[in-house]
Amino acid sequence: MTKLQVEQLLGEGVRSYMYPACNKCKEKSIQYTYKGNSSLWYGRLEDSIVVCFVFDKVCDITRVGL
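All figures in this text were calculated on a predicted structure; none of them were measured in a lab. (Residues numbered from 1 in each chain as written. Predicted model: local features only at pLDDT ≥ 70, side-chain atom pairs only at ≥ 80, totals over all residues. Heavy atoms only, no water.)

A. Representation of the state of the cysteines. Applying the stated criterion to the full structure yields 2 disulfides. Residue pairing for Cys22: its cysteine sulfur links by disulfide to Cys52, the two sulfurs lying 1.9 Å apart. Because the torsion about its S-S bond is -100°, the bridge between Cys22 and Cys52 counts as left-handed. On the criterion of sequence distance, the pair formed by Cys22 in the loop between β1 (14-16) and β2 (30-38) and Cys52 in strand β3 (residues 46-54) is long-range, its members being 30 residues apart. Here Cys22 matches Cys52 in class, with each residue buried. (Disulfide = S-S within 2.5 Å. Helix = DSSP H or I, 4+ residues; strand = E, 2+ residues; numbered from the N terminus. Buried < 20%, exposed > 50% of the residue type's maximum accessible area, 1.4 Å probe, protein only.)

B. Expanded view of the packing of aromatic side chains. Within this structure, the stated rule accounts for 1 aromatic pair. Measuring from centroid to centroid gives 6.0 Å for Tyr32 and Phe53, while their planes differ by 70°, and the two rings are edge-to-face. Residue Tyr32 is located in strand β2, and its partner Phe53 is located in strand β3; the two are separated by 21 residues in the primary sequence. Considered together, Tyr32 and Phe53 belong to a single accessibility category, that of buried residues. Between the NZ or CZ atom of Lys3 and the centre of the ring of Tyr32, over which it lies, the distance is 4.3 Å. (Phe/Tyr/Trp six-rings, centres within 6.5 Å; stacked < 30°, edge-to-face > 60°. Lys NZ or Arg CZ within 6 Å of the ring centre and 35° of its normal.)

C. Spotlight on the side chain of Gln31. Tracing the backbone through its elements, the reader meets Gln31 in strand β2. Gln31 sits in the buried class, given a relative accessible area of 10%. For Gln31, the residues in contact, after removing those within four places along its chain, are Val14, Arg15, Ser16, Tyr17, Met18, Ala21, Cys22, Val50, Val51 and Cys52. (Contact = heavy atoms within 4.5 Å.)

Below, the structure written as structure tokens:
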């Protein structure tokens, strides 16, 4: 999946630098954080999705939240 396709699904991402998120990817990976769905258990708190791209293609995805 490409970065353009991810942003069509999840909206615009914000550049991030979370260390363990891209361990499976090459050194040249770029991370973006996207807002996830609201948590059903905790009301308005939201999860985040960290997507790692290598040459604008998804390499790895990590969910960050509660």
